[in-house]
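# Secondary and tertiary structure notes
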Amino acid sequence: MAIILKTPAEIALMRQAGRIVAQTLNMLSNHIRPGVTTGYLDTLAEEFIRKHDAKPSFKGYRGFPKSICTAINDQVVHGIPDSRILEDGDIVTIDVGAQYRGLHGDAAKSFPVGKVSPTAAHLLAVCAHALDVGIAQVQPGAHLSDIGAAIQPLVENAGFSVVRQYCGHGLGRSLHEDPQIFHYGQPGHGPLLRKGMTFTIEPMINEGKPDTRVLDDGWTVVTADGSLSAQYEHSIVVTDAGCTILTAP
């Protein structure tokens with residue numbers, strides 16, 4: 001495992017990339033409503049990112065065709081924006097990446113579309129809280145596994161499950177670097193966290209079982225049992241005092 005510690009100059013650029021990602025998500029939140037297509041949201045996002053002198057991190061990455069990922073209801077991650085129309089009662093996750101002067105920012109958020117069910121609203125609230133709890137574990141000297149060890153019991157005690165097949169990741173000059181950040185497990189394992197480490201924490205939690213499958217498009221991941229799924233993600237940097245969220249609103 002080759003974990004790349006970032007210089008202050010690189011972190012400054014990642015802060016700007018993260019700021020653009022956060023602003024993109026905030027802009028999109030004003031357009032998420034019944035009747036809007038995910039393809040329209042993708043167009044808005046790409047225009048916004050490029051207007052801010054950045055590039056969409058996802059477009060063309062390993063052949064991905066769009067600038068953002070959208071995941072509706074039972075879709076977990078990597079959904080491709082298209083002509084699908086958002087409907088009242090849906091939940092949709094928007095995942096945004098932006099590359100600014102060679103450095104990446106990456107964040108995701110799940111949104112309610114119109115009026116959602118109590119179960120869907122609870123799923124979103126628990127997932128958002130799980131991200132906060134995971135971030136709270138980050139400080140120099142903590143173990144990497146402490147993050148997932150805090151997230152898993154919170155999610156399972158709420159009656160939901162943590163997706164196992166997908167995880168957070170290091171990022172910087174590459175969109176995916178070491179280390180991998182699992183959202184489950186036992187504390188006290190893996191590398192020690194050090195100042196200058198940059199990575200995402202992005203718990204994906206399911207209403208039902210944690211199992212997933214990939215659709216025929218080769219990208220879109222859905223829950224195996226058809227249950228709802230949510231995801232929240234931030235990019236962070238480990239600091240002397242703990243950590244800083246690079247994609248904070």
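Structure: see above.
My aim in this report is to walk through the structure given alongside it, one point at a time. (Residues numbered from 1 in each chain as written. Predicted model: local features only at pLDDT ≥ 70, side-chain atom pairs only at ≥ 80, totals over all residues. Heavy atoms only, no water.)

### Observations regarding the state of the cysteines
Definition in use: Throughout, a disulfide means two cysteine sulfur atoms within 2.5 Å of one another.
Applying the stated criterion across every chain, the model contains zero disulfides. There is no disulfide at Cys127, and the cysteine sulfur nearest it, in Cys167, is 15 Å away.

### Observations concerning the sheet that holds strand β6 (residues 161-162)
Rule in force here: Should DSSP find at least two bridges between two strands, the strands are taken to pair. Helix and strand definitions follow DSSP, with helices as H or I runs of at least four residues and strands as E runs of at least two, each counted in order from the N terminus. Between two residues, a contact is recorded if the distance between any of their heavy atoms is within 4.5 Å. An axis is simply a line fitted to the C-alpha atoms; with a helix, the fit covers only the stretch in contact. Between two such axes, the angle follows the N-to-C directions and lies from 0 to 180 degrees.
Spatially, β6-β10-β13 is the arrangement adopted by the three strands of the open sheet, whose pairing is antiparallel. The open sheet is flanked by β6 and β13 (229-231), the only strands paired with a single partner. Pairing of strand β10 (residues 204-206) with β13 involves three bridges; the strand directions are antiparallel. Considered in β13, the bridge of Asn206 is made with Ser229. Relative to the sheet, helix α3 (residues 118-136) contacts β10 and β13, its axis offset from that of β13 by approximately 30°.

### Structural notes on the sheet that holds strand β12 (residues 221-223)
Each strand in a sheet pairs with its neighbour through backbone hydrogen bonds, running either in the same direction (parallel) or in the opposite one (antiparallel). With respect to topology, three strands assemble into an open sheet ordered β3-β12-β11, the strand pairing being antiparallel. A strand with exactly one partner marks an edge of an open sheet, and here the two such strands are β3 (75-77) and β11 (212-214). The sheet shows a mean angle of 40° between the axes of neighbouring strands, direction not considered. Alignment of β11 against β12, held across three bridges, turns out to be antiparallel. Across the sheet, residue Arg213 finds its bridge partner in β12, namely Val222.

### Here we look at the layout of surface pockets
The test is simple: The method works on a 1 Å grid over the protein atoms by themselves. A cavity is a set of points holding a 1.4 Å probe that cannot get out, a pocket is an open set with protein on both sides within 12 Å along at least five of seven lines, and residues with an atom within 4 Å of a point line them. Grid points are joined across faces, edges and corners, and a volume is the space filled by probe spheres set on the points. Under this grouping Gly is polar, as are all residues other than the nonpolar Ala, Val, Leu, Ile, Met, Phe, Trp, Tyr, Cys and Pro and the charged Asp, Glu, Lys and Arg.
What the largest pocket holds in volume is close to 490 Å³. Residue assignment for the lining of the largest pocket shows that the elements contributing at least two residues are β7 (168-170) and β8 (177-181). At four residues, β8 tops the list of elements feeding residues into the lining of the largest pocket. A class-by-class count of the residues in the lining of the largest pocket yields twelve nonpolar, seven polar and six charged. Taken as a whole, the second largest pocket encloses approximately 320 Å³ of empty space. Taken together, 18 residues line the second largest pocket, and the ones lying closest to its centre are Leu25, Lys109, His234, Thr247 and Pro249. Every element with two or more residues in the lining of the second largest pocket is listed here: α1 (8-29), β5 (103-112) and α3. If one sorts the elements of the lining of the second largest pocket by residue count, α1 sits on top with five residues.

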